[in-house]
Amino acid sequence: MAKEKKKGIIGEFKEFIMRGNVMDLAVAVIIGGAFQKIITSLTNDIIMPVITLITGGLDFNNWFISLDGSHYKTLAAAQEAGAATFNYGSFITVVLDFLIMAFVIFMMVKGMNALAARMVPKKEEAPAEPVTKKCPFCKSEIDMTASRCPHCTSEQPDMESDTEE
């Protein structure tokens, strides 16, 4: 009995893992990881050196606070000495990474939406079907499916059978 239950769980797991959504998600995560490396390289190797040049040699990665009270010239020197550090410069770099990635993804989605809008012909929207009608007796607006008017309590003629004939 326990063997059958285990086989059932394995079978269910195989069915779950082979669904299209799971495979699509796996591919998206892998591509996202590779894309992350590209953006990190863009930030660290191209944008941050330009910011460093503009700011006169300012290097965000060496912005840190040594928690042992000593002063170190670079983050590498503090880490080599085994000092605990509060690395707010590295955090700024990661935030810039995120903002750049978010902007690039935004631009990609915007471009894809523009392309999709050009590819798909615009359909004219059909007018919405009315949900109310006028009572033929008191001229009040009532629900289309009402059999009696809530205002004058008159019995409503069957409109659908009149229009079908």
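Worth saying up front: this structure is predicted, and the values here are computed from it rather than measured.

About the criteria used
- Residues numbered from 1 in each chain as written.
- Predicted model: local features only at pLDDT ≥ 70, side-chain atom pairs only at ≥ 80, totals over all residues.
- Heavy atoms only, no water.
- Helix = DSSP H or I, 4+ residues; strand = E, 2+ residues; numbered from the N terminus.
- Expected span 1.5 Å × (residues − 1).
- Bend = angle between axes of the 7 residues up to and from the residue.
- Buried < 20%, exposed > 50% of the residue type's maximum accessible area, 1.4 Å probe, protein only.
- Contact = heavy atoms within 4.5 Å.
- Phe/Tyr/Trp six-rings, centres within 6.5 Å; stacked < 30°, edge-to-face > 60°.
- Axes fitted to C-alpha atoms, helices over the stretch in contact; angles between N-to-C directions.
- Left-handed = near helix turned anticlockwise from the far one by under 90°.
- Nonpolar A, V, L, I, M, F, W, Y, C, P; charged D, E, K, R; others polar.
- Core = buried A, V, L, I, M, F, W, Y, C linked by side-chain atoms within 4.5 Å.
- Polar contact = N/O pair within 3.5 Å; in protein donor to acceptor, adjacent residues only side chain to side chain.

Visitor: Outline helix 2 (residues 20-54), supporting the account with residue identities and numerical values.
Guide: Since there are 3.6 residues in each turn of an α-helix, residues three or four apart along the chain are aligned in direction. In this model helix 2 runs 48 Å from its N-terminal to its C-terminal C-alpha over 35 residues, within 8% of the 51 Å that 1.5 Å per residue would give. Within helix 2, the axis deviates most sharply at isoleucine 47, by approximately 35°, and proline proline 49 lies no more than four positions further along. Along helix 2, the residues that are buried comprise Val22, Ile39, Thr43 and Met48. Following helix 2 by one or two positions, glycine 56 adopts a phi angle in the positive range, close to 80°.

Visitor: Break down the environment of glycine 20 for me, citing the residues and quoting the values.
Guide: Tracing the backbone through its elements, the reader meets glycine 20 in helix 2. Judged by relative accessible area, glycine 20 falls into the partly exposed class, the value being 42%. Separated by 88 residues in the primary sequence, glycine 20 and methionine 108 place their C-alpha atoms 24 Å from one another.

Visitor: Can you lay out the side chain of threonine 93 for me, pointing to particular residues and giving the numbers?
Guide: Checked against the element boundaries, threonine 93 lands in helix 4 (residues 88-119). Each residue touching threonine 93, except ones within four places of it in the same chain, is listed here: Thr43, Asn44, Met48, Phe60 and Asn61.

Visitor: Outline the packing of aromatic side chains, listing residues and values.
Guide: One pass over the structure, following the stated rule, counts three aromatic pairs. Summarising the aromatic geometry, the rings of phenylalanine 60 and tryptophan 63 are spaced 4.7 Å apart at their centres and angled 75° between planes, so their arrangement reads as edge-to-face. Using a relative accessible area of 12% as the deciding quantity, one classes phenylalanine 60 as buried. The class for tryptophan 63 is partly exposed, based on a relative accessible area of 26%.

Visitor: A description of the packing of helix 2 against helix 4 should follow, citing residues and the corresponding values.
Guide: With their axes 9 Å apart at the nearest point, helix 2 and helix 4 run at an angle of 120° to one another. Helix-helix and strand crossings are classified by hand; for helix 2 and helix 4 the assignment is right-handed. Contact residues: Phe35, Gln36, Ile39, Thr40, Leu42, Thr43, Asn44, Ile47, Met48 and Ile51 in helix 2; Thr93, Leu96, Asp97, Ile100, Met101, Val104, Ile105 and Met108 in helix 4. Per-class residue counts for the contact of helix 2 with helix 4 are twelve nonpolar, five polar and one charged.

Visitor: Run through the nonpolar core, naming residues and quoting values.
Guide: If you look at the biggest cluster of nonpolar residues, it comprises five residues: Phe64, Tyr72, Leu75, Ala78 and Ala83. Beyond its immediate chain neighbours, meaning those up to four positions away, tyrosine 72 contacts Phe64, Ser66, Ala77, Ala78, Ala81 and Ala83.

Visitor: Go over the side chain of lysine 133, please, and point to the residues and values.
Guide: The topology assignment puts lysine 133 in strand 3 (residues 132-134). By relative accessible area, lysine 133 is classed as buried at 10%. Within the structure, the side chain of lysine 133 is placed 3.5 Å from the backbone oxygen of methionine 144, a separation counted as a polar contact.

Visitor: Please give an account of unusual backbone geometry that cites residues and values.
Guide: One non-glycine residue, lysine 139, adopts positive backbone phi at about 65°. Turning to its location among the elements, lysine 139 is positioned in the loop between strand 3 and strand 4 (141-143). A relative accessible area of 54% places lysine 139 in the exposed class.

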